[in-house]
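What the coordinates show
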Amino acid sequence: MMTFLEQLHEQRWDDHRYYHQSRINQTLHLMSAISFLAAYGLIFVSPAAAAVLGWIVAMLLRQIGHFFFEPKGYDNVNQATHQHKEAIKIGYNLQRKRILLAVWFAIPVLLYFDPSFFGYFKGPQDKMTYINNVGLLWLYLGPIAVLFRTIHLFFIYNALTGFVWAAKIFTDPIHDLKMYYKSPLFLMKGELFDDMVTHS
């Protein structure tokens, strides 16, 4: 049985080598990490604004990298098909991300047509109140999505795997800074893909 830190190291390495081969994706993750860290700080000042920054800037940058720039063909580095990698993905694979993003997108639409959001909010809703309420709902969505997958991992793997993955998710912005701060430089040199030689 691996320790918490050993499994965290393994999950991070697997995530990197399987899902972050594109230098463009890595660079977008770097930008996303900076945005997430700014959102983490902003949460103490304006939680709703932090959620808007986290979802519209940080989260979209990350997912654009995965959906549009990461290779979907056979992975020669890891000798694995895209389908195999999607099947063994510990966290949110592309299909689960589509569902999560659909829920994310549905929230402002539902709030527009039902300003009370099924009775959760009260009072009149002007433009700024609407934006603030969207931000608050998005703020709840993040931890709920992490908690849902964490508990799911308890059943399909074990509790340790779930807790490790949750810790990985919340610390990813700091780790991404460490991993990908040189990625823009590699891109400027014309290197589009990481050779994955270094085990970090």
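Check the entry above for the structure.
This write-up is about the structure you can find in this document. The structure displayed is predicted, hence computed values, not measured ones.

The next subject is the packing of aromatic side chains. Evaluated as defined, the whole model comprises ten aromatic pairs. Ring geometry for Phe 36 versus Tyr 40: centroids 6.4 Å apart, planes at 40°, classification tilted. One end of the pair is Phe 36 and the other is Tyr 40, both in helix H2 (residues 23-42) and four residues apart, which spans about a single turn. Relative to Phe 113, the ring of Tyr 112 has its centre 5.2 Å away and its plane inclined at 90°; by these criteria the two rings are edge-to-face. A single burial state applies to Tyr 112 and to Phe 113, both of which are exposed. One aromatic cluster is present, built from ring pairs that chain together Trp 55, Trp 104 and Trp 138. The cationic tip of Arg 23 hangs over the ring face of Phe 186; the distance from NZ or CZ to the ring centre is 3.9 Å. When the ring centre of Tyr 19 is taken as reference, the NZ or CZ atom of Lys 89 above it lies at 3.9 Å.

Glancing now at the packing of helix H1 (residues 4-19) against helix H7 (residues 159-180). To characterise two packed helices, one gives the angle between the axes of the helices and the distance between these axes. At their nearest, the axes of H1 and H7 sit 9 Å apart, and the two run at 60° to each other. For the element pair H1 / H7, the angle class is oblique. The way H1 lies across H7 gives a crossing that is right-handed. For the pair H1 and H7, the contacting residues are Phe 4, Gln 7, Leu 8, Gln 11, Arg 12, Asp 15 and His 16 in the first and Leu 160, Thr 161, Phe 163, Val 164, Trp 165, Ala 167, Lys 168, Thr 171, His 175, Met 179 and Tyr 180 in the second. When grouped by side-chain class, the residues that make up the contact of H1 with H7 number nine nonpolar, six polar and three charged.

Conventions adopted
Residue numbers here run from 1 along each chain, matching the order of that chain's written sequence. The predicted nature of this model means local features are confined to residues of pLDDT at least 70 and side-chain atom pairs, given and counted, to a pLDDT of 80 or more, with totals for whole chains, interfaces and linings taken over all residues. Calculated side-chain values reflect all of the structure's heavy atoms, with hydrogen atoms and water omitted. Pairing of aromatic side chains here covers Phe, Tyr and the six-membered ring of Trp, requires ring centres within 6.5 Å, and sorts the geometry by plane angle: under 30 degrees stacked, over 60 edge-to-face, intermediate tilted. Here a strand is any run of E in DSSP of at least two residues, a helix any run of H or I of at least four, and the numbering for each starts at the N terminus. Residue exposure (1.4 Å probe, protein chains only): buried if accessible area is under 20% of the type maximum, exposed if over 50%, otherwise partly exposed. Two conditions define a charge located above a ring, namely a distance within 6 Å from the ring centre to NZ of Lys or CZ of Arg, and an angle within 35 degrees of the ring normal. Angles here are taken between N-to-C directions and fall from 0 to 180 degrees, while the axes themselves are lines fitted to C-alpha atoms, restricted in helices to the stretch in contact. Convention used here: angles under 35 degrees read as roughly parallel, angles over 145 as roughly antiparallel, angles from 65 to 115 as roughly perpendicular, and any remaining angle as oblique. If you view the pair so one helix is near and one far, a crossing is left-handed when the near helix is turned anticlockwise from the far one by less than a right angle, and right-handed when it is turned clockwise. Any pair of residues with heavy atoms lying within 4.5 Å of one another is described as a contacting pair. Under the scheme applied here, ten amino acids are nonpolar (Ala, Val, Leu, Ile, Met, Phe, Trp, Tyr, Cys and Pro), four are charged (Asp, Glu, Lys and Arg), and all others, including Gly, are polar.

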